[in-house]
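Structural overview
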Amino acid sequence: MRDQRSEIALSKYPGGVVARTRINSENLDLEERVVQINRVAKVVKGGRRFSFSTVVVVGDGKGHVGIGMGKASEVPEAIRKGVEAAKKNVIRVPLVHTTIPHEIITKFSSTKVMLRPAAPGTGVIAGRGVRPVIEAAGIKDLLTKVYGSNNPVNVVKAAYLALTALVSLDEMARRRSMTPYELHQRRLRRVVAPEPAETMT
């Protein structure tokens, strides 16, 4: 099987990729979401043997999210394995109110996912592969775009990698020798900057 390599690139903050440490999910109230159930057939000497593979997302809606895959001869067992794998991959996602700290683009295999912060009240603009990951993490306002392959497995993994690579507002402020409040106010000024007045002729 061809090795699938993932590439992470920050669009606005190069060099900001931070490795997230997996956290213990036993004390978290995680909600399970099955993204995909796929039937797989294997040809053997006596005929075809069927099994099921699943992609599962878990999250508490408060900044914790994890993904996992499971495979078994029965659907319930495949889901159970996927949930166990997802709980082992739970990470903490840095949030700024109801959105993410900055824009980010990630690539997994032939799928590229873009996540962009949005103003309060925008909601989550995402497809069926990205939406479960975003909503499980508790993000309420976000703009997303998927380029390349729409394979649900690749889309889920690319979205998860994007959340893994996010840098918190405190960390970005520290790198710029600023306070988080000053950095946040600078962003707000860019968003609400007034348009130049037209001159009368």
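Coordinates for the structure precede this section.
A few points on the structure. (Residues numbered from 1 in each chain as written. Predicted model: local features only at pLDDT ≥ 70, side-chain atom pairs only at ≥ 80, totals over all residues. Heavy atoms only, no water.)

Description of the overall build of the protein
- Helix and strand counts for the protein stand at five helices and nine strands.
- In the protein, which comprises 201 residues, the proportion classed as buried is 41%.
- Of the contacts made within the protein by residues no fewer than 6 positions apart, 62% connect residues no fewer than 24 positions apart.
- Accessible area for the protein stands at about 12200 Å²; split by element, carbon and sulfur atoms hold 51% of it. (Helix = DSSP H or I, 4+ residues; strand = E, 2+ residues; numbered from the N terminus. Buried < 20%, exposed > 50% of the residue type's maximum accessible area, 1.4 Å probe, protein only. Contact = heavy atoms within 4.5 Å. Areas by Shrake-Rupley, 256 points an atom, 1.4 Å probe, with all protein chains shown as cover.)

Let's talk about the pattern of salt bridges
- Counted according to the given criterion, the structure contains five salt bridges.
- A salt bridge links R80 to E84, with the nearest nitrogen and oxygen atoms 2.4 Å apart. Taken together, the residues span about one helical turn, with R80 and E84 both in helix α1 (residues 75-88) at a distance of four residues.
- Since its relative accessible area comes to 39%, E84 is described here as partly exposed.
- E135 serves as the salt-bridge partner of R131, at 3.1 Å between the closest nitrogen and oxygen. Of this pair, R131 and E135 are both found in helix α2 (residues 131-136), four residues apart, which corresponds to roughly one turn of the helix.
- Beyond isolated ion pairs, a larger network of salt bridges with shared partners links R33, R131 and E135. (Salt bridge = Lys/Arg side-chain N within 4 Å of Asp/Glu carboxyl O.)

Let's talk about unusual backbone geometry
- Here H97, not a glycine, exhibits a phi torsion of approximately 60°, which is positive.
- Here H97 lies in the loop between β5 (91-92) and β6 (104-108).
- Its identity as a non-glycine residue notwithstanding, S109 has a phi of 55°, on the positive side.
- Following the sequence through the fold, S109 ends up in the loop between β6 and β7 (111-117).
- Exposure remark for S109: the relative accessible area of 18% places this residue in the buried category.

Brief notes about the pairing of β6
- Where burial is concerned, the two faces of β6 differ: the one with I104, T106 and F108 is buried and the one with I105 and K107 is not.
- Relative to β7, β6 is paired through five bridges, and the arrangement is antiparallel. From the neighbouring strand, F108 faces β7, where its bridge partner is T111. (Pairing = 2+ DSSP bridges.)

Some points on the side chain of H102
- Residue placement: H102 occurs in the loop between β5 and β6.
- Here the side chain of H102 touches V167 through a polar contact of 3.0 Å, landing on its backbone nitrogen. (Polar contact = N/O pair within 3.5 Å; in protein donor to acceptor, adjacent residues only side chain to side chain.)

Considerations on the sheet that holds strand β3 (residues 47-59)
- In space, the four strands of this open sheet follow the order β2-β3-β4-β5, with antiparallel pairing throughout. For this open sheet the edge positions go to β2 (31-44) and β5, each flanked by a neighbour on one side alone.
- Contacting β2, β3 and β4 (64-72), α1 crosses the sheet at an angle of about 145° to β4.
- The strands touched by helix α3 (residues 152-164) are β2, β3, β4 and β5; relative to β4, the strand with the most contacts, the crossing angle is about 150°. (Axes fitted to C-alpha atoms, helices over the stretch in contact; angles between N-to-C directions.)

Regarding α3
- Spanning 13 residues, α3 covers 18 Å between terminal C-alpha atoms, matching the ideal 18 Å at 1.5 Å per step.
- Along α3, the positions that sit buried rather than exposed are P152, V153, N154, V155, V156, A158, A159, Y160, L161, A162, L163 and T164. (Expected span 1.5 Å × (residues − 1).)

Section: the pairing of β3
- Sheet analysis places β2 next to β3, joined by 13 bridges and oriented antiparallel. Directly across from A41, in β3, lies its bridge partner F50.
- Joining the antiparallel neighbours β2 and β3 is a turn of two residues.
- Judged from the eight bridges that link them, β3 and β4 form a sheet pairing that is antiparallel. Note on β4: the bridge partner recorded for G59 is V65.
- Linking β3 to β4, which pair antiparallel, is a turn of four residues; within it G61 sits at a positive phi near 70°.

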